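Read off the chains here:
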Amino acid sequence: SASEHVYFAVRSVAADGRQHVMQYAFVDDRGNVALSAFVRSSSPATLFGGSASEDLPAEPMEEAAFAVLAARICRGATLVAFHRVLQTGLLPPGAAEGAGGAECAWRRFQAVARRKGIRLSRREPLALNDCLLKLGMAPLESDDAAVRALAIRRLWRKLDNIE
């Protein structure tokens, strides 16, 4: 990575009897989408009711090829995700291990909100859109992982200006 932070998001997009396809997206500090890819997953998890892999806009890449690209993007960078533990656990091992660290935008938002008096309900979990809206930012209009990674970057940078 050419920058200190790499913002990323992972989502499940298709599952059928043959494969589970995930979308991974990585964005740098400048807001460039470094990679957005559909990847065949060897995950043993099966989703029912998801899209069929034939309905994807692009042919998913193989997990081994993606692992090489992800490791290059993450090497030495601080990874930032919304729910860091869950999202980082979905990365290929080489990508997570080669990173310089990992941060959680969700936890950071909560800490800043408490210090700045932003009202949070203990009964409702905070989704990314909730955090964006509480800071007066536009919500996500797409489930696309690249759009989500860009929104995580927007949230992170807004928190930089609030702290």
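Per chain, the residues get numbers from 1 upward, laid out in the order the sequence is written. Since the coordinates come from a predicted model, pLDDT governs what is reported: local features require at least 70, and pairs of side-chain atoms require 80 or more to be given and counted, while whole-chain, interface and lining totals use all residues. Excluding hydrogens and water, the side-chain figures rest on all heavy atoms present in the structure.

(A) Here's a closer look at unusual backbone geometry. One non-glycine residue, His83, adopts positive backbone phi at about 70°. Its place among the elements puts His83 in the loop between strand 4 (78-81) and helix 2 (84-89). For helices the rule is a DSSP run of H or I covering at least 4 residues; for strands it is a run of E covering at least 2, with both sets numbered from the N terminus onward.

(B) Expanded view of helix 4 (residues 105-116). For helix 4, with twelve residues, the first-to-last C-alpha span of 16 Å sits near the 16 Å given by 1.5 Å per residue. Burial status follows relative accessibility: with a 1.4 Å probe on protein chains alone, a residue under 20% of its type maximum counts as buried, one over 50% as exposed, and anything between as partly exposed. Buried within helix 4 we find Ala105, Arg108, Phe109, Gln110, Val112 and Ala113. Residues of helix 4 that are buried make contact with strand 4, strand 5 (101-104), helix 5 (128-134) and helix 6 (145-162). Positive phi shows up at Gly117, right after helix 4, with a value of about 75°. A helix is expected to span 1.5 Å for every residue after the first. A contact between two residues is defined here by any heavy atoms of the two lying within 4.5 Å.

(C) Structural context of the packing of aromatic side chains. Note on aromatic pairs: the rings of Phe, Tyr and Trp (six-membered ring only in Trp) are paired at centre separations within 6.5 Å, and the planes decide the class, stacked below 30 degrees, edge-to-face beyond 60, tilted for the rest. With the rule as written, the count across this model stands at three aromatic pairs. On the basis of an interplanar angle of 25° and a centroid distance of 6.0 Å, the ring pair of Phe8 and Phe26 is categorised as stacked. Of the two residues, Phe8 sits in strand 1 (residues 5-15) while Phe26 sits in strand 2 (residues 20-28), which places them 18 residues apart along the sequence. A single burial state applies to Phe8 and to Phe26, both of which are buried. When the ring of Tyr24 is compared with that of Phe66, the centres are 4.4 Å apart and the planes differ by 35°; the resulting orientation is tilted. Pair noted here: Tyr24 is in strand 2 and Phe66 is in helix 1 (residues 63-74), with a separation of 42 residues, a long-range link. In this structure, Tyr24 and Phe66 share a single accessibility class: buried. Members of the aromatic cluster, each reached through a chain of ring pairs, are Phe8, Tyr24, Phe26 and Phe66. One cation-aromatic arrangement involves Arg108 over Trp156; the distance from NZ or CZ to the ring centre is 4.2 Å. Cation placement over rings: the criterion is NZ of Lys or CZ of Arg within 6 Å of the ring centroid and within 35° of the ring normal.

(D) Geometry of the pairing of strand 4. Judged by which residues are buried, strand 4 turns out to be covered on both faces: Thr78 and Val80 on one side and Leu79 and Ala81 on the other are all buried. If DSSP finds at least two bridges between two strands, the strands pair. Both strand 1 and strand 4 contribute to a ladder of three bridges, which runs parallel. The partner of Val6 across the bridge, within strand 4, is Leu79.

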